[in-house]
Structure formats: structure tokens, C-alpha cells
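# Residue-level structure breakdown
Listed below are the residues making up each chain.
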Amino acid sequence: MATVYAVPLRAVPSYTDQTGAPCQSCHVGGFGPQLTDFGREFKLGGYTLRSKASIPLAAMGVASYTHTAANQNPAPTNFSSNDNLAFDQGSLFIAGGAGRHFGGFAQITYDGVARQWHWDNLDVRLVNTGSLLGADATYGLIINNNPTVQDPWNTAPAWGFPYTTSALPQTPGASPLIDGALAQNVLGTSLYGWFNHKFYLEAGAYSSLRAGTLNWLGVDPTAPGDLHGLAPYARVAAQTHIAGGTASIGAMALKAQINPGRDRTTGLADHYTDLALDASWQKALASGNVVAMNLRYAHEASNLLASCALGNVGDGSTSLCARTILNEWRGDVTYSWQNRIGATLQLFAISGSSNANLYAPTNRPDSNGLMAQLDYTPWGNGNSPLGPRANLRLGVQYTAFGRFNGAVRNYDGNGAKARDNNTLRLFSWLAF
């Protein structure tokens, strides 16, 4: 089990300056982070494509209004129990390519809800091109700090819908480790290959940074803890053309042992094995319209041996107190009209084995619901009056829960209903 984290925001206008291509060339709907075929190739090529000299700097910010069906109790720190206006996030980027073989991005973020700075996503690549059995091949080395942030498909947890969220509303308490629990707490290296523009292979491993380093970078070093040894990660995917669009199917795997809270006194570790399967389909229609679909299933088997022995979970009387299974489904469909108006619907569900030590008082991790988003991107075709680097998205999201933390009603033992967490969010997202 891992805490659900707010999805970080990504759209990097310095790439527009570097390539000379408008935002809609790389992004569905003329705004990041959902990638087109061209955008995937740009990322897999190490962010090195360029048409001119450019300044590899960019910035972005998001603000929102959030309303939940029932007042939150307790209220979020520094905010009201409901109807909150917030500057959710601001980010600075160093992003671009240097020559033919090196590129990437590094992000620094101000969290307007937590009111602190921290380092955010990192994806740096050393890349080369060649051939394999007479077919094109791109291959290289990646350094990153968030498992799946290096992935070019929007089925991956780091890039999946919703592409912007707020940390203010409550979210389900259970999710697989691969969903972002290690983000910014680790540093990893992997080798990858992209063959004939159809087949993707990647393998690597992550290790933990020192506690003092993470504190300096603005990240809590105790959540979820540090890795015991290396955490291997692997990714395979195949892409082809189906029904006039581009389809992909793939798998991701992450295996980790964690010392909870960096406590090694028990000589044990918490064990996680995550496997995810994913598929996508995207088709460009007439007049700049696009339809895109993404699907991901994740399965996690975990045994929190150290947490049990420490009494963090259960009473420490048995080493099996936190053996559990989680299954997560997420599927979304997007329709983008002329790179201006977008509509997305996502269904999500998480379920798993019963465990009173982990999921009291309901004893179940189950949550499900749907999220709908309607957004407007006035400069999605690269016609911003502020220049080609500037872009703006305005949107409305609504999230409805059918089940929350194991129950439809009384999921907290105090009478709270799943639908009390239904959330309306209005947001503005500016990138330049």
C-alpha cells in the first residue's frame, strides 16, 4: 500500500523554441503532457531534435478553485474546510538538447499547498542512433528520479490522466508503489532501445539518496523510507498502426524492498512486487481533431515485514500482519477538437485483499469512481499573442466516487460517505 500523490504538472515550452514546432506537434490538444506520435519520437530521441539555437528555460504555474460535496474534517492545513482557492504549483525547467547525443529536463517546483520548494521530475538522456537487422534503432542511457517518468506513453503512472490535480481534496488511501510513491526519493539509471519505431525495451534500477540530500532538495526522506539495495525496473512495449491510428501494448515491472521511515533496527524490509499492463490508441482526425484512449492495469503483491515488526502496522505479533494484494484499473478516453476544446472521461477502480491492520475500519482498500474534464486551450494552434512559447489551458474537472477506502457509507467509522469526497475543480494552467 502507498499514499496517492498529486500528479506533477509537465509542459515544457522551451522545446517549442528548440524545435520550431508548435505545441500541437508534440501534444494532443496543443498542450502537454499527452504526447502525439511526433512527441513520443522527440522524447525517445533524447530531446535532441532542433531547428535553431534556443534558451533551454521554461516555467509554468497552475491555480484552482476546489469544492467538495461535504466539508473536509479536519480541514487541509492552512486552508478552509471547503471552497478553496489555491496556487497549486509553480515550476521552473531547464529543458532541451545539447548536440546530437544529450538532452532532457530538470524541474524545480513550488508546492503552493504545502508552501515549500522541492526538486521535481528529472529525465536526462545520453542517446545514439544506428541500425539493427537493417531497421532503425535509437538507444541510450537514462537517469531519472521517478519510476515511469521516462516513459513516452500516457498509460504510465507518471504521465497518466489527470494531468493536473490539487493536493487539497482527499484521495483514496491505497495504490500500488509504482503509482508515484518513490517519486523524487530515488535516483535510477536504465538502458533503453527503440527499434524500427515499433518495439521498446528498457531495464534499470533505482537506489535511495541520502537523507541529508533529500532534506536539502525539499523532500521528506522518511516517506516511504529508503530502498534496501537496488529496486529493479523493466519496461517493454510494442507500437503499430491499427484502424488509421497508432496503437500500443506493453508491460512495466518494479520490485522494491523498503526500510520504512529509514528504520533498519528489525533487520527486515517491506517487500513490493508491482506488474502493470497497458494499452493505448490514438488517431488524428480531420481539422486537427484527435481521439486518444489509454488503459492500465496494475497488480501489486506486498508484505510489509518491517512495518509489522516495528508495530507501524498491526501489533507486531505476526510477520504476516500486512501481506496483501492490490489491483488497480484506469482507463480514459479523450476527444480534442481543433487543438482548442478537449473532453476526457476516466474510470478508475482499486481493489484488493482484506486486511484489518492496513485498512481499518472497513478492512478493505476498495475505491472506484469516475473523473470528467472539459478544457479550453485558446492558443493550442500556436497563435498566442505572447509569442510561440506561451500557452494557456482553462478547465473544469469533476470526480465522483462510488466507493472510497473500502465502503460506500461510513468508510471512516464516523459516518462519512464515499460521495462526500466528490470534487469540483476549476483550474487555470499557464506555461511559457
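Structure first, text after, so check above.
Anyway, here's the lowdown on the structure attached to this text. Predicted model only: the values in this text are computed from it and were never measured.

Applying the stated criterion across every chain yields a total of 1 disulfide. Through a disulfide, Cys308 is tied to Cys321; the S-S separation comes to 1.8 Å. A torsion of -115 degrees about the S-S bond marks the disulfide between Cys308 and Cys321 as left-handed. Of this pair, Cys308 sits in helix H5 (residues 305–310) while Cys321 sits in the loop between H5 and strand S13 (323–337); the two residues are 13 residues apart in sequence, bridging distant segments of the chain. When its relative accessible area of 4% is taken as the criterion, Cys321 is described as buried. Cysteine Cys23 shares no disulfide, and the gap to the nearest cysteine sulfur, in Cys26, comes to 8.4 Å. Residue classification places Cys23 among the buried positions, given a relative accessible area of 13%.

On to helix H3 (residues 37–44). The set of residues buried in H3 consists of Gly39, Arg40, Phe42, Lys43 and Leu44. In the stretch just after H3, Gly46 is the one whose phi turns positive, near 80 degrees.

With that settled, consider the nonpolar core. Membership of the largest hydrophobic core comes to 27 residues, with the highest contact counts inside it found for Leu177, Leu182, Leu227, Leu254 and Ala322. It is strand S10 (residues 245–260) that provides the largest number of residues to this core, a total of 4 residues.

This next bit is on the pairing of strand S6 (residues 186–195). As paired strands, strand S5 (residues 135–144) and S6 are joined by 8 bridges and run antiparallel to one another. Note on S6: the bridge partner recorded for Leu141 is Leu191. By the bridge criterion, 10 bridges tie S6 to strand S7 (residues 199–208) in an arrangement that is antiparallel. Its bridge partner being in S7, Phe195 is matched across the sheet by Phe199. Taken together, S6 and the strand that follows it, S7, pair antiparallel across an intervening segment of 3 residues, in which Asn196 is found at a positive phi of about 55 degrees.

Cut-offs and rules
- Sequence order sets the numbering: in each chain, residues are counted from 1 along the sequence as written.
- Per-residue local features are limited, in this predicted model, to residues with pLDDT of at least 70; the limit for side-chain atom pairs, both in listing and counting, is 80 or more; totals at the level of whole chains, interfaces and linings are taken over all residues.
- Side-chain figures throughout are based on the complete set of non-hydrogen atoms in the structure, without hydrogens or water.
- For the purposes of this analysis, a disulfide is any pair of cysteine sulfur atoms at a distance within 2.5 Å.
- A run of H or I in DSSP counts as a helix once it spans at least four residues, and a run of E counts as a strand once it spans at least two, with each numbered from the N terminus.
- When a residue's accessible area, from a 1.4 Å probe over protein chains only, is under 20% of the maximum for its type it is buried; when over 50% it is exposed; and in between it is partly exposed.
- The criterion is simple. A nonpolar core is a set of buried Ala, Val, Leu, Ile, Met, Phe, Trp, Tyr and Cys residues joined through side-chain atoms within 4.5 Å.
- Two strands pair if DSSP finds at least two bridges between them.

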